[in-house]
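Architecture at a glance
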Amino acid sequence: MVISKLSRAAFVTFLLALSFMPTLVSANALEGIRVWPSPDETRVVIDLESEADYSYFTLSSPERLVVDLKKTTLNTKLPLNVGESPILKKIRKSSPPEKTTYRLVFEIKKPVTSQIFKLAPTPGGQYGHRLVIDLPHGSSQSDATVPEVSFSKTSVSRDISQFLGSAEIVVAIDAGHGGEDPGSIGPTRKYEKHATLAISKKIADQINAVPGMKAVLTRRSDYFVNLNKRSEIARKNKAHLLVSIHADAFHSPKPKGGSVFVLNTRRANTEIGRWVENHEAQSQLLGGAGEVLAKNNNDKNISQTLLDLQFSHSQKEGYKVASKILREMSRAGVHLHKAEPVNASLAVLKSPDIPSVLVETGFISNPTEEKLLFQRGHQDKLARALSKAIVQYFEANPPEGTLFANRGKAIKHKVSRGESLSVLANQYGTTTKAIIQANGLKNSSIAVGQVLTIPGANAHVAVSKPVNMVETKTVVHKVQQGDYLGKIAANYKVSVADIKRENKLESDTLKLGQKLNITVRQQKEQPSRKHKVAQGEFLGKIASKYDISVSSLRKANNLHSDTLSVGQVLIIPTQ
């Protein structure tokens, strides 16, 4: 066969095109960039179509981190301005060293040692291939490093409040998952991480309202906290107990009810327990697992013995707390999956010096319980049950030097700046009148540095019942002529995204007669509240306490001036 010069050239061009086709087909794609600022670091997650082939380097004056993604194209919008991070300002593209490379530039505010690693797709399919960049907010050394733990009695520090017998009991409340790690995902695509945070905040509020107790949250918003970092936060705050809040999940929608897990070195003793262990291991992949807590290497035998003793104590006390939590959940009408504590080997429970429990508040994989977990009334019920159980445990097992240990006994208090008798009465769970009588005071005036005798408070501690102001209700909307998602969302005061997620809509197109489920919030009528003015209080302070405006407070009480008198009773409006 004779091939002309023109056709030969065309043939060669065709062969060259074929040679490039595998490269084009196998090219990666950058599908999205997510930024998760937390108190200690900012995490950037780059979603990719396939495994990342990358390299990186840093530049100074100004500070930048440059990441080259090889054989990668862009399927998302850049630049991305970052407003909430103390370390990261902007993510933008730049001229690459070669055409098949995509160059990302991270504009940072100060020199930092970043950590970059790849994550494989998750077994559950929530995420595909990812490249993760952690930027610590502190010095160039990683803030995630866990210090070596010493178990020597001589290392225990005591502040003056412990010597006076007025130290607070500290409870660490750990909202499971967060940020890059959504936890389990319910049938209507609701995330476990949002339910756990809402419930944890309510528990913290309940505990903080109890005199002699203080709650510490391991996370306050939607960001990921390294699993071992959670125990470190509890330890740093000298917590007496760590309670981790989760929502269970299973491959079947049938299981339902709450469970409480406690530490055991053996594998979990139920099928659900084994599932939870595997699921939590998967969450480590989602968010990136941290380093294992350091052990004392000076004498391995002594260290191991101390660890064994600490673990044994933590297990025993954790079991006591777990039993009380299950009892209070049952009394509150919460369905239980397991009526007894379940043994499991979960990372967040493995703090040898702090008794720990993991509470599964229900099955988010069960449609009915998924709905309950996002209802404020049910969240309040769970929070109150857990708070009551925690208070009961510490009433029966008060740590030495705390107010609980000295309940019913008179203790000493040294007055600090800004304190008043009403503040002290609230702090110690007593009354202003009782403090005045115990100290032979003529009036309510006290001086900084003055040492007061605080009479013994009541033997029993009550957990206040929260007033639930907002409930949710699901209504069915039938699409009418002229309806569109934006109009419907505005009508029901919800977001378009919420309607699409709840009804699994893939587009904004609606059909006449189509029925949409819409979860709306409804305000309940609140009973009137009253406030008795204490020493040192003023309108602004009282308004702030109840989260209302000064003008509404004036109007509700028909006040013609801002002058208040001690003992005056004010009506607190609902808004």
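Residues numbered from 1 in each chain as written. Predicted model: local features only at pLDDT ≥ 70, side-chain atom pairs only at ≥ 80, totals over all residues. Heavy atoms only, no water.

In the nomenclature of an unreviewed UniProt entry, the chain is known as N-acetylmuramoyl-L-alanine amidase of Vibrio japonicus. The heading Catalytic activity (unreviewed entry) in the UniProt record of the chain holds the text "Hydrolyzes the link between N-acetylmuramoyl residues and L-amino acid residues in certain cell-wall glycopeptides." According to UniProt, the comment filed for the chain under the heading Sequence similarities (unreviewed entry) is "Belongs to the N-acetylmuramoyl-L-alanine amidase 3 family." (UniProt positions renumbered as here; feature names shortened; annotations may be inferred.)

**A closer look at the overall build of the chain**
Scanning the chain from N- to C-terminus turns up 14 helices and 22 strands. Residues classed as buried in the chain amount to 45% of the 575 residues present. Surface accessibility of the chain: about 30,200 Å² in total, with carbon and sulfur atoms responsible for 52%. (Helix = DSSP H or I, 4+ residues; strand = E, 2+ residues; numbered from the N terminus. Buried < 20%, exposed > 50% of the residue type's maximum accessible area, 1.4 Å probe, protein only. Areas by Shrake-Rupley, 256 points an atom, 1.4 Å probe, with all protein chains shown as cover.)

**Points about the side chain of N28**
By secondary structure assignment, the location of N28 is in strand β1 (residues 28–37). Relative accessible area serves as the criterion here: at 4%, N28 is assigned to the buried category. A polar contact of 2.9 Å, which involves the side chain of N28, links it to the backbone nitrogen of S50. (Polar contact = N/O pair within 3.5 Å; in protein donor to acceptor, adjacent residues only side chain to side chain.)

**Considerations on the sheet that holds strand β4 (residues 64–70)**
Across the sheet, which stays open at both edges, the five strands sit in the order β3-β4-β8-β7-β6 with antiparallel pairing between neighbours. Of all strands in the sheet, those with a lone pairing partner are β3 (54–59) and β6 (80–81), marking the two edges. Where strand β7 (residues 88–94) and strand β8 (residues 101–108) come together, six bridges link them in antiparallel fashion. Within β8, the residue paired with K90 across the bridge is E107. (Pairing = 2+ DSSP bridges.)

**Focus on the pairing of strand β12 (residues 213–217)**
Counting buried positions over the five residues of β12 gives four, a clear majority of the element. Pairing of strand β11 (residues 169–175) with β12 involves five bridges; the strand directions are parallel. Along β12, the bridge assignment pairs A172 with V216. For the crossover from β11 across helix α3 (residues 192–208) to β12, the handedness is right-handed. (Right-handed = clockwise from strand over helix to strand, strands pointing away.)

**So, the sheet that holds strand β5 (residues 72–74)**
The strand order β5-β1-β2-β10-β9 describes an open sheet built from five strands, whose pairing is mixed. The open sheet is flanked by β5 and β9 (115–119), the only strands paired with a single partner. Neighbour-to-neighbour, the strand axes of this sheet turn through a mean angle of 30 degrees, independent of strand direction. (Axes fitted to C-alpha atoms, helices over the stretch in contact; angles between N-to-C directions.)

**Quick word on the environment of R376**
Considering the arrangement of structural elements, one finds R376 in helix α8 (residues 376–396). Linking R376 and A198, residues 178 residues apart in sequence, is a C-alpha distance of 8.6 Å.

**Focus: α8**
Taking 1.5 Å as the rise per residue, α8 with 21 residues should run 30 Å; its terminal C-alpha atoms sit 30 Å apart, in good agreement. Counting buried positions along α8 gives 15 out of 21 residues, so the element sits mostly inside the fold. (Expected span 1.5 Å × (residues − 1).)

**A look at the confidence of the model for the chain**
In the predicted model, the chain carries a mean pLDDT of 78, and the fraction of residues at 70 or more is 75%. Low pLDDT, under 50, characterises residues 20–25; the predicted model gives this stretch zero contacts beyond four residues in sequence or across chains. Note on residues 140–158: pLDDT is under 50 here. Beyond four places in sequence and across chains, it has 31 contacts. (pLDDT = per-residue confidence, 0-100. Contact = heavy atoms within 4.5 Å.)

**What about the nonpolar core?**
Of all hydrophobic cores here, the largest spans 42 residues; its most connected members are V171, M213 and V243. Among the secondary structure elements, those contributing two or more residues to this core are β11, α3, β12, β13 (241–248), β14 (259–263), α6 (300–331), β16 (356–363) and α8. With nine residues, α8 is the largest single contributor of residues to this core. Not counting residues up to four positions away in its chain, the partners in contact with V243 are V171, A172, I173, D174, V357, V359, L386 and I390. Listed in part, the 23 residues of the second largest apolar core include L78, L104, L131 and I133. (Core = buried A, V, L, I, M, F, W, Y, C linked by side-chain atoms within 4.5 Å.)

**What about α3?**
With 17 residues, α3 should cover 24 Å at 1.5 Å per step; its first-to-last C-alpha distance of 24 Å lies within 8% of that length. Of all the residues in α3, the buried ones are E192, K193, A195, T196, L197, I199, S200, I203, A204, Q206 and I207.

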